[in-house]
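As a plain string of letters, each chain reads:
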Amino acid sequence: TLEVEDEGARVRASGNVVVEWNTTRLEAGDLRVDQRTRTVEASGGVVYQSDEMRAEADSLSLDVDAETGTMKDVELGLSEQSGRFGGRTMEKAEGRRLLLEEG
């Protein structure tokens, strides 16, 4: 399903949702995008994949322009590194910093 509000400024999609931008791909069961604030909220089998990492989580909150966000109950693998890690909450701060809680 797809719902569009405010002349396309806010969009909500549910089902097998896939969104791609630049080199990033986001999959989720439920997705909300606000074009004015450039934010994304996703839940339900979230998979976030970029050139640098692939993460699977229960939910995601993302600021597209700042490239910051929070993922809940997450497992993450870095593209250039072997191994995986995860935790209850992961926050992507500015730059290449990841803050992990209950990892």
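Here the structure is shown first, and the text comes after it.
Note that this is a predicted model, so its numbers are computed, not measured.

Each helix and strand in the chain was counted, giving 0 helices and 8 strands. Ordered by position from N to C terminus, the α and β elements of the chain give β-β-β-β-β-β-β-β. Here the C-alpha radius of gyration of the chain, 14 Å, is about what a compact globule of 103 residues would show, namely 13 Å. Oriented by its inertia axes, the alpha-carbon framework of the chain measures out at about 45 × 25 × 25 Å. Looking at the 103 residues of the chain, the share that counts as buried comes to 32%. With an accessible surface of roughly 6600 Å², the chain has 42% of that area assigned to carbon and sulfur atoms. Seen as two clouds, the 13 positive and the 23 negative side-chain charges of the chain have centres 1 Å apart.

With that out of the way, let us pick up the pattern of salt bridges. Applying the stated rule across the entire model yields 12 salt bridges. Glu5 serves as the salt-bridge partner of Arg10, at 2.4 Å between the closest nitrogen and oxygen. A salt bridge links Arg12 to Asp30, with the shortest nitrogen-to-oxygen separation between them at 3.0 Å. Residue Arg12 is located in strand S2 (residues 10-21), and its partner Asp30 is located in strand S3 (residues 24-34); the two are separated by 18 residues in the primary sequence. The class for Arg12 is partly exposed, based on a relative accessible area of 40%. Assessed through its relative accessible area of 11%, Asp30 is described here as buried.

Every regular strand shows the same layout, with side chains that alternate between the two sheet faces. Examined bridge by bridge, strand S4 (residues 39-49) and strand S5 (residues 53-63) share 9 bridges and lie antiparallel to one another. Residue pairing in the sheet places Val47 in a bridge with Glu56 of S5. Two successive antiparallel strands, S4 and S5, enclose a turn made up of 3 residues. As judged from the 9 bridges shared by S5 and strand S6 (residues 68-78), these two strands associate in the antiparallel manner. The partner of Met53 across the bridge, within S6, is Leu78. Hairpin connection, S5 to S6: the antiparallel pair is bridged by 4 residues, and Glu67 has positive phi, about 55 degrees.

Quick look at the sheet that holds S5 now. Reading across the sheet, the 8 strands line up as S1-S2-S3-S4-S5-S6-S7-S8 and stay open at both edges, with antiparallel pairing between neighbours. Here the strands that pair on one side only, and so sit at the sheet edges, are strand S1 (2-5) and strand S8 (98-101). Each strand of the sheet is rotated relative to its neighbour by a mean of 35 degrees, with strand direction disregarded. Alignment of S1 against S2, held across 4 bridges, turns out to be antiparallel.

Each value, and the rule that gives it
- Residues numbered from 1 in each chain as written.
- Predicted model: local features only at pLDDT ≥ 70, side-chain atom pairs only at ≥ 80, totals over all residues.
- Heavy atoms only, no water.
- Helix = DSSP H or I, 4+ residues; strand = E, 2+ residues; numbered from the N terminus.
- Rg over C-alpha atoms; globule rule 2.2 N^0.38 Å.
- Buried < 20%, exposed > 50% of the residue type's maximum accessible area, 1.4 Å probe, protein only.
- Areas by Shrake-Rupley, 256 points an atom, 1.4 Å probe, with all protein chains shown as cover.
- Lys, Arg positive; Asp, Glu negative; His and termini not counted.
- Charge placed at Lys NZ, Arg CZ, Asp CG, Glu CD.
- Salt bridge = Lys/Arg side-chain N within 4 Å of Asp/Glu carboxyl O.
- Pairing = 2+ DSSP bridges.
- Axes fitted to C-alpha atoms, helices over the stretch in contact; angles between N-to-C directions.

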